[in-house]
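Each chain, written out:
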Amino acid sequence: AHVVVSNVPAPPVPLYFAGAKIVQATGIAPVVDGLGLSLTVSSYGPNLSVAWTADREMLPDPVGFAEHVQTAYAALLAAADQAPSLDRRRPGRLE
């Protein structure tokens with residue numbers, strides 16, 4: 001595989017470390033021989049984090065990749081704004 005994507009969800013409750021509340025969490029995955037890109041998607045509270053590590057020989061333009069991710073995310077948000085909302089009072093039914 002040249003790309004690995006890992007989903008790391010956190011518990012839905014606040015976490016603490018040495019008595020201090022954790023306010024942000026993200027994951028990082030290593031790139032090993034033969035792997036060009038490693039994506040880690042993690043969530044904590046209302047936040048979603050996407051982090052990646054890349055082999056420059058296999059992904060020579062990581063800044064361009066970041067720009068494409070941002071463009072795709074903006075398109076996803078725009079599409080979500082246009083989608084009919086789900087009526088939470090009647091699961092499975094659209095308003």
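These remarks concern the structure in this document. On a predicted model such as this, the values are computed, not experimentally measured, just so you know.

Scoring rules and cut-offs
Here, residues in each chain are numbered from 1, in the same order as that chain's written sequence. Residue-level local features of this predicted model are given only where pLDDT is at least 70; pairs of side-chain atoms are given and counted only at 80 or more, and the full residue set underlies all totals for whole chains, interfaces and linings. To obtain the side-chain values, all non-hydrogen atoms of the structure were included, while hydrogens and water were left out. Runs of E in the DSSP output that reach at least two residues are strands. Runs of H or I that reach at least four are helices, and both are numbered from the N terminus. In this analysis, two residues are considered to be in contact whenever any of their non-hydrogen atoms come within 4.5 Å of each other. Here the accessible surface of atoms and residues is derived via Shrake-Rupley with a 1.4 Å probe, and residues count as covered only by protein chains that are part of the display. A pair of strands is considered paired only if DSSP assigns at least 2 bridges between the two. The classification of residues rests on relative accessible area computed with a 1.4 Å probe and restricted to protein chains. Under 20% of the type maximum is buried, over 50% is exposed, and intermediate values are partly exposed. Structural elements are reduced to axes, namely lines fitted to C-alpha atoms, with helices fitted over the stretch in contact, and the angle between N-to-C directions of any two is expressed from 0 to 180 degrees. Classification of ring pairs rests on two measures: the distance between centres of Phe, Tyr or Trp rings, Trp counted by its six-membered ring, which must be within 6.5 Å, and the angle between planes, read as stacked under 30 degrees, edge-to-face over 60 and tilted in between.

1. Notes on the overall build of the protein chain
Thought 1: If you tally the helices and strands in the protein chain, you get one helix and five strands.
Thought 2: Moving toward the C terminus, one meets the helices and strands of the protein chain in the order β-β-β-β-β-α.
Thought 3: Long-range pairs, those at least 24 residues apart, make up 40% of the contacts in the protein chain with a sequence separation of at least 6.
Thought 4: As presented, the protein chain carries roughly 7,400 Å² of accessible surface, and 61% of it is formed by carbon and sulfur atoms.

2. Re the pairing of strand β5 (residues 47-54)
Look at any regular strand and the pattern is simple: side chains alternate between the two faces of the sheet.
Thought 1: By the bridge criterion, eight bridges tie strand β4 (residues 37-44) to β5 in an arrangement that is antiparallel. Note on β5: the bridge partner recorded for Tyr-44 is Asn-47.
Thought 2: A loop of two residues connects β4 with β5, the two strands running antiparallel in sequence, and Gly-45 in this loop sits at a positive phi of about 60°.

3. Digging into the side chain of Thr-40
Thought 1: Mapped onto the elements of the fold, Thr-40 is located in strand β4.
Thought 2: Given the relative accessible area of 4%, Thr-40 is considered buried.
Thought 3: Residue contacts for Thr-40: discarding those within four places in its chain leaves Ser-6, Val-8, Gly-27, Ile-28, Ala-29, Ser-49, Val-50 and Ala-51.

4. Let's talk about unusual backbone geometry
Thought 1: Positive phi outside glycine occurs at Ala-18, with the angle close to 55°.
Thought 2: Structurally, the position occupied by Ala-18 is in the loop between β2 (16-17) and β3 (20-21).

5. Quick notes on the sheet that holds β5
Thought 1: Reading across from one edge, β1-β4-β5 is the order of the three strands in this open sheet, with mixed pairing throughout. Looking at the sheet topology across the chains shown, the edges are occupied by β1 (3-9) and β5. Taken over all neighbouring pairs, the strand axes of this sheet differ in orientation by 15° on average, direction set aside.
Thought 2: When β1 meets β4, the two strands line up parallel, connected through seven bridges.

6. Brief notes about the packing of aromatic side chains
Thought 1: The final tally for this structure, using the stated rule, is one aromatic pair.
Thought 2: Between Trp-52 and Phe-65, the ring centres sit 4.9 Å apart and the planes meet at 90°, which makes this aromatic pair edge-to-face. Of this pair, Trp-52 sits in strand β5 while Phe-65 sits in helix α1 (residues 62-82), and the two are 13 residues apart along the sequence.
Thought 3: The class for Trp-52 is partly exposed, based on a relative accessible area of 25%.

7. Some thoughts on the side chain of Ser-42
Thought 1: Checked against the element boundaries, Ser-42 lands in strand β4.
Thought 2: In this structure Ser-42 touches Val-8, Ala-25, Thr-26, Gly-27, Asn-47, Leu-48 and Ser-49, once residues within four positions along its chain are discounted.

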